[in-house]
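Examination of the molecular architecture
In case you want the letters, here they are:
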Number of protein chains: 2
Amino acid sequence: MKRPLTIRIDLKSPVPTYRQIVDALRAHLVEGLLAPGDALPAVRRLALELGIHFNTVAQAYRELAEEGWLDLKHGRRAMVLARGAPAAASRGTQRHFERRLREMVAEMRAGGLSSAAIATELLSLAERLKS
Amino acid sequence: MKRPLTIRIDLKSPVPTYRQIVDALRAHLVEGLLAPGDALPAVRRLALELGIHFNTVAQAYRELAEEGWLDLKHGRRAMVLARGAPAAASRGTQRHFERRLREMVAEMRAGGLSSAAIATELLSLAERLKS
């Protein structure tokens, strides 16, 4: 693991806590901050650090294992797997994500971010994807 | 209302159903497809159309009313309010959204969308914001 994992949990968010952990860890995995062979923090330790129930962390790890990111062996730390390139997204999946992106932009605008600030953020994300 | 409301509900999604309705309607509101003075579909009718419990729709409407988008008067249809420009987002809110956008891009990559396809989508959203 190249640097300490940063996971932020918002207990007031409507997004379930296990899902927030999944989203944060998946970002680390996709961006390569967690690489194949890396061990994840032990469930109970991460739960303690985040101040949540260990079942919530365990649920997040199981979800990521189902997505093919983690190897969960009983009694051992969760281990990052080498995950092949995902199958190309169907047109339906693509449209699903396009809709969710549009909804997130709407949420950002409603939350007081200026169109210019959001555009700048989108452009910088697009730049990073192209490099 | 300029065109029929399209709301897609994914009952298998980890995002709560009421939240999916909120996100979809908020996008319509921010993009002006729902304008001040428009009436929203009656709770029971929308619930029937979506095949969900009417309490779920009512919860979504209450959430949007709390965000200042809707006027809910007992016994009347929910009405879109003229909502002043939101207060500028704090630095924390901005960072929160930046993180969620990054996580969504990671989810799209993990879901099989190519970096090029995601970048194209981000650029087109940024374009629309600038126009």
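First, a word on scope: everything that follows refers to the structure included in this document. (Residues numbered from 1 in each chain as written. Chains lettered and ligands numbered in written order. Predicted model: local features only at pLDDT ≥ 70, side-chain atom pairs only at ≥ 80, totals over all residues. Heavy atoms only, no water.)

Moving on to the side chain of arginine 100 of chain A. Of note, arginine 100 of chain A is situated in helix 4 (residues 91–110). In this structure arginine 100 of chain A comes out as buried when scored by relative accessible area, which is 18%. A polar contact of 3.1 Å, which involves the side chain of arginine 100 of chain A, links it to the side chain of glutamate 107 of chain B. (Helix = DSSP H or I, 4+ residues; strand = E, 2+ residues; numbered from the N terminus. Buried < 20%, exposed > 50% of the residue type's maximum accessible area, 1.4 Å probe, protein only. Polar contact = N/O pair within 3.5 Å; in protein donor to acceptor, adjacent residues only side chain to side chain.)

Glancing now at the relation of the copies chain A and chain B. Rotating chain A by 180 degrees and moving it 0.0 Å along the rotation axis overlays it on chain B with an RMSD of 0.0 Å. Taken together, the rotation and translation describe the operation of a two-fold axis. The share of interface residues of chain A whose copies in chain B are also at the interface is 98%, consistent with both copies meeting through the same surface. (Least-squares fit on C-alpha atoms with pLDDT ≥ 70 in both. Contact = heavy atoms within 4.5 Å.)

With that settled, consider the layout of surface pockets. Quantified by volume, the largest pocket comes out at close to 760 Å³. Lining the largest pocket are 32 residues; nearest its centre among them are Arg19 and Arg100 of chain A together with Ser13, Val15 and Glu107 of chain B. Those elements giving two or more residues to the lining of the largest pocket turn out to be helix 1 (17–30) and helix 4 of chain A together with helix 1 (17–30) and helix 4 (91–110) of chain B. The leading source of residues in the lining of the largest pocket is helix 4 of chain A, at eight residues. (1 Å grid on protein atoms, 1.4 Å probe; cavity = no way out; pocket = protein on both sides within 12 Å on 5 of 7 lines; lining within 4 Å. Points joined across faces, edges and corners; volume = space filled by probe spheres on them.)

With that out of the way, let us pick up helix 5 (residues 115–130) of chain A. The terminal C-alpha atoms of helix 5 of chain A, which comprises 16 residues, lie 23 Å apart, in line with the 22 Å expected from a rise of 1.5 Å per residue. Taken as a whole, helix 5 of chain A has its buried residues at Ile118, Ala119, Glu121, Leu122, Leu125, Ala126 and Leu129 of chain A. Across the axial projection of helix 5 of chain A, the buried residues extend over an arc of 160 degrees, all falling on one side. Helix 5 of chain A presents Ala116, Thr120 and Lys130 of chain A as exposed residues on the side facing more than 90 degrees away from its buried surface. Buried residues along helix 5 of chain A sit in contact with helix 4 of chain A together with helix 4 and helix 5 (115–130) of chain B. (Expected span 1.5 Å × (residues − 1). Arc of directions from axis to C-beta.)

By the secondary structure assignment, aspartate 23 of chain B is in helix 1. A distance of 3.2 Å separates a polar atom in the side chain of aspartate 23 of chain B from a polar atom in the side chain of arginine 26 of chain B. Excluding its chain neighbours within four sequence positions, the residues that come into contact with aspartate 23 of chain B are Glu103 and Glu107 of chain A.

A few words on the interface of chain A and chain B. Taken together, the contacts link 48 residues of chain A with 47 residues of chain B. Together, Leu101, Glu107 and Leu129 of chain A form the three largest contributors to the area buried by chain A at its contact with chain B, with a combined 14%. Connecting chain A to chain B are six salt bridges. Breaking the side of chain A that touches chain B down by element, the ones donating at least two residues are helix 1, helix 4 and helix 5 of chain A. No other element matches the 16 residues that helix 4 of chain A contributes to the side of chain A that touches chain B. Taken together, the residues of the side of chain A that touches chain B break down into 27 nonpolar, five polar and 16 charged. (Buried area = accessible area lost by both parts, 1.4 Å probe. Salt bridge = Lys/Arg side-chain N within 4 Å of Asp/Glu carboxyl O. Nonpolar A, V, L, I, M, F, W, Y, C, P; charged D, E, K, R; others polar.)

Summed over all chains, the structure comprises 21 salt bridges over all chains. With a shortest N-O distance of 3.1 Å, arginine 19 of chain A and glutamate 107 of chain B are connected by a salt bridge. Taken together, the residues arginine 19 of chain A in helix 1 and glutamate 107 of chain B in helix 4 connect one chain to another. The salt bridge partner of arginine 26 of chain B is aspartate 23 of chain B, with a shortest N-O separation of 3.2 Å. Linking arginine 26 of chain B with aspartate 23 of chain B, this pair stays in helix 1, spanning three residues, or about one helical turn. Taking relative accessible area as the criterion, arginine 26 of chain B reaches 2% and is therefore assigned buried. Through salt bridges with shared partners, a single ionic network connects Arg19, Asp23, Arg26, Glu67 and Arg100 of chain A together with Glu107 of chain B.

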